[in-house]
Each structure stands twice: as C-alpha cells, then as structure tokens.
Amino acid sequence: MSGFLRQTLRNVTGYVPGEQLDRPGIIKLNTNENPYPPSSKACAALATVSPEMLRRYPNPTARAFREAAAAVHGLSPDHIIATNGGDELLRLIFATFAEAGDRIVSTDPTYSLYPVLAALEGLRFEAHALDNTYNLDPQAFLRFACGEQPNQGPATIALIVSPHAPSGMLFTEAQLTTIAQGFPGLLVVDEAYVDFIAPEIGHNLLPCAQTLPNLILLRSLSKGYGLAGLRFGYGIGHPDLIADMTGLTKDSYNTDVIAQALAEAALRDQGYAMDTWQRVRAEREYLRSELSALGCRVYPSQTNFLLAELPPLANGNSRAATAYAALKQAGILVRYFDTPRLVHALRITLGTPEQNAALLRQLKPLLT
Ligand SMILES: Cc1ncc(COP(=O)(O)O)c(C=O)c1O
C-alpha cells in the first residue's frame, strides 16, 4: 500500500476475480464464460475496423450498437447505455445515483463485486439472506430494503441478480416487479445470465424496464455471446435514468471502436447466439442429473453454471474444498467460495459435452 492511498480505501479489500490459469489444455469452468466461441460474424467485423476508424475517437454512445440492441429488444435506443462490461454499468449506477454514506442493499449471497464497488464509492452495503433454497421473499426483501430499524429509511439502490449467482435460481417477474413497485429507490436487476433462461418460461422484464421509472436491467455480452474478453455490456432502463449516466458520469469514450463493431455484429447474430444457449441448456440438464446421481445437491439453474453441494467428508470437513483442489491438480478449474454458506459447494460453469464429461470422470472417485 502506498502512503498516497486515500484514507477511506485503506481497509477496503479489492475484488478477487476467478483464476485465469494459462496452462495449455486447462478446462476452465470457473468464471462462467460461454464454452462456445463468439459468432463468426463478430469475428468478421474485426476486419472492418480500418486504420481510419482507429485514428478517430469512437462514437461516444456506441450509437450503432444501441440501435442493434434496441431492434433486438423492441425498445428505442434512448432506453440503452453501452458500457465497458456490465461491471462498468454497476460503477456508473453507484456514482450517478448514490451519495457517499447512502445505504445500498442486495441479497446474501450475491455478486461479490457489489460490496467492493460500494466501498469504493463510500456507500454502506447491507445484504438480506436468501432462504435455504436461495429463493427470495419479495415482501421480506421490501421490508429490509425500506428499512426496518427506527429512523433508517429506504436504501438508495437495491441490486438483485436474476437469474441468481451463485445459485442459478431465477426470480419470477412477479417477485421482481413486486419489489420494483414497492421500493422507492432504484432497483437494479442484474441479468448477466438472462440469455440462458429456458425460453418456454417466457420470462421477460423488458416491458417493465420501459414503464417503471426506477428499474435498470444489466446485460452482458461476456456470457451469452462468448465475448468476455471484449468487455462489453449494457444497461436498459427509463430514458431519464440512462441520460443521467450518459450525460454525466460515463467517460466520454467508455467503449472503443473495436468493441462496438464486434458487439453490434454479435448481437445482430441472434440465431447463432441462441444455438449456443440451447446447447448450454441441454448440458445443464445432463450435468445436473449426473451430479445428483452422485449424491450432490444441485440447485435448479437458469444460468450457464450449476451450484452443487457435495456431501461433507466423514470428519465433517468440506469435500468441496478437497474436490476443488483435486480438480485443479487435474487441470480443471471450478469456483470454490470459502464462505460459511457456500463451504460445501462448488460452482461449476457448464462446458462443452467433452469438458463436462472430463469433469465427471475426475469428480466420480471423489464422491464415492
Ligand atoms: C452477476 C454478474 N453480474 C455482472 C457481471 C459482469 O459481467 P461483465 O462485466 O463481464 O459484463 C458478472 C460477471 O461475472 C456477473 O457474474
């Protein structure tokens, strides 16, 4: 730590991203990337980026991308802000809509970046525990968000990941709209994994994001579009909310010309993206039933990962911790969170059928 570090950051612990081992042949099932490559049309868009485009600044609001997203979602572009990954959107939301000292709420567990970003902005982060199936009681959450202590008052911002990470649980439209309508602050529904929801469920918060004045949806191209390396995400919400961020807190050129071109091409190629989502869903069912048959408790998931609780070892210690280390040794990375609630669990990103089969081969002897 340098002597120049701001006083208020001296006790803040930074976000620790999932491991990025660069060993050849490693099977990476730890950071929820798409196992399939991005659309070939996105890759072809790289070739359209000319030296002249690189010489000039990019379009400040990623206009062509926003038009593509608007067409795909049936919205107008003024409902959309393009960001450098979904993570930048979170930072912008905090910087734009909360004062230092304000109370920010989410669920426990939740995306572990939220408390870190809140601390960086000098905000107070508090979390409401999900029940033991990772479900959310909207009325209980509303009471918590609105402030149960005397003189507490409502939180400024509430963040809910849905489908939820790390459990995979999808909260229903009814649950989420009840919260949005009963909460006087801003509700962020983090839909980083929305693309993997089974289409027959018919889940769709886009109409609410058009009508409710206090709802922002977070979207990411990292998961559904196989573009985690590109760093591209977007927010969807009321034009006034979008304009506050676009006009005030966003960097002038927060997304670059290469990223804009690839993101637009990837989003326009819905057919290809949907095919990868369907393949991931098929593997989700398969891996869930295999892991259950091996004695794991696997939570229902509408994402591209599974949360599996492994039975404890005979001495009560975490079998998940041992399995994580053994898998890593065998060249397979999964995510292990060393927190009381998740001590027996592994979060496993769905890979290709071959990768999932390799995972099962390694896991079986550890579970029998
Ligand atoms: C719940 C959740 N929200 C948002 C993000 C941000 O994604 P990105 O910044 O890659 O778009 C992630 C990434 O892991 C995530 O898990």
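Residues numbered from 1 in each chain as written. Predicted model: local features only at pLDDT ≥ 70, side-chain atom pairs only at ≥ 80, totals over all residues.

### Topic: the overall build of the protein chain
- Counting its regular elements, the protein chain contains 13 helices and 12 strands.
- A compact globule built from 368 residues should have a C-alpha radius of gyration of about 21 Å, and the protein chain, at 21 Å, falls within 12% of that.
- Along the three orthogonal principal directions, the C-alpha set of the protein chain runs to about 60 × 60 × 55 Å.
- Burial analysis of the protein chain (368 residues in total) assigns 44% to the buried set.
- Taking the contacts inside the protein chain whose residues are at least 6 apart along the sequence as the reference set, 73% of them involve residues at least 24 apart. (Helix = DSSP H or I, 4+ residues; strand = E, 2+ residues; numbered from the N terminus. Rg over C-alpha atoms; globule rule 2.2 N^0.38 Å. Buried ≥ 20, exposed ≤ 12 C-beta atoms within 10 Å, placed from the backbone. Contact = placed C-beta atoms within 7 Å.)

### Remarks on the site of the ligand
- Around the ligand, 14 residues are found, and the nearest of them are Gly85, Gly86, Ala192, Ser220 and Ser222.
- Going through the elements one at a time, helix H4 (85-97) and strand E7 (215-220) are the ones with two or more residues in the shell around the ligand.
- Here the shell around the ligand takes 3 residues from H4, the largest share from any one element.
- Taken together, the residues of the shell around the ligand break down into 6 nonpolar, 6 polar and 2 charged. (Near = placed C-beta within 6 Å. Nonpolar A, V, L, I, M, F, W, Y, C, P; charged D, E, K, R; others polar.)

### Some points on the sheet that holds strand E2 (residues 80-83)
- Read across the open sheet, the 7 strands follow the order E2-E8-E7-E6-E5-E3-E4; overall the sheet is mixed. The sheet is open, and its two borders are formed by E2 and strand E4 (124-129), each paired with just one other strand. Ignoring strand direction, the axes of neighbouring strands in this sheet form an average angle of 20 degrees.
- With 2 bridges joining them, strand E3 (residues 103-108) and strand E5 (residues 157-161) adopt parallel strand pairing. Bridge assignment links Ile104 to a residue of E5, and that residue is Ile157. (Pairing = 2+ DSSP bridges. Axes fitted to C-alpha atoms, helices over the stretch in contact; angles between N-to-C directions.)

### Digging into the domain arrangement of the protein chain
- As assigned here, the protein chain comprises domain 1 (18-38 + 271-367) and domain 2 (40-268).
- Inter-centroid distance (C-alpha atoms) of domain 1 to domain 2 is 26 Å.
- The interface is formed by 24 residues belonging to domain 1 together with 23 residues belonging to domain 2.
- Elements with a minimum of two residues in the side of domain 1 that touches domain 2: helix H11 (270-293) and strand E10 (305-309).
- Ranked by residues supplied to the side of domain 1 that touches domain 2, first place goes to H11 with 5 residues.
- In terms of residue class, the side of domain 1 that touches domain 2 is made up of 13 nonpolar, 7 polar and 4 charged. (Domains from an automatic or database assignment.)

### A closer look at the nonpolar core
- Ile157, Leu262, Ala263, Ala308 and Leu346 are the most contacted members of the largest nonpolar core, which has 101 residues in total.
- With 7 residues, the top contributor of residues to this core is helix H10 (residues 257-268).
- Residue assignment places this core across two domains, with domain 1 (18-38 + 271-367) and domain 2 (40-268) each supplying three or more.
- Among residues more than four places away in sequence, those in contact with Leu262 are Ala42, Ala45, Leu46, Leu227 and Leu230. (Core = buried A, V, L, I, M, F, W, Y, C linked by C-beta atoms within 7 Å.)

### Focus on the packing of helix H3 (residues 63-73) against H10
- The interhelical angle for the contact between H3 and H10, taken along N-to-C directions, is 15 degrees, at an axis separation of 9 Å. By the angle between their axes, H3 is roughly parallel relative to H10. Regarding H3 and H10, the two cross each other, and that crossing is left-handed. Two secondary-structure elements touch here, H3 through Ala64, Phe65, Ala68, Ala69 and Val72 and H10 through Gln260, Ala263, Glu264, Leu267 and Arg268.
- Each residue belonging to the contact of H3 with H10 can be placed in one class, and the counts come to 7 nonpolar, 1 polar and 2 charged. (Parallel < 35°, antiparallel > 145°, perpendicular 65-115°, else oblique. Left-handed = near helix turned anticlockwise from the far one by under 90°.)

### With respect to the pairing of strand E6 (residues 186-190)
- Of all the 5 residues making up E6, 5 are buried; the element is thus mostly covered by neighbouring parts of the structure.
- Taking every second residue as pointing to the same face, both faces of E6 are buried, with Leu186, Val188 and Asp190 on one and Leu187 and Val189 on the other.
- With 5 bridges connecting them, E5 and E6 associate as parallel partners. Bridge pairing links Ile157 to Leu186 in E6.
- Where the polypeptide runs from E5 across helix H7 (residues 173-182) and back to E6, its parallel neighbour, the crossover connection is right-handed.
- Note: E6 against E7, 4 bridges, orientation parallel. Of the residues in E7, the one forming a bridge with Leu187 is Leu215.
- After leaving E6, the chain enters helix H8 (residues 206-211) and then returns to the sheet as E7, a path that is right-handed. (Right-handed = clockwise from strand over helix to strand, strands pointing away.)

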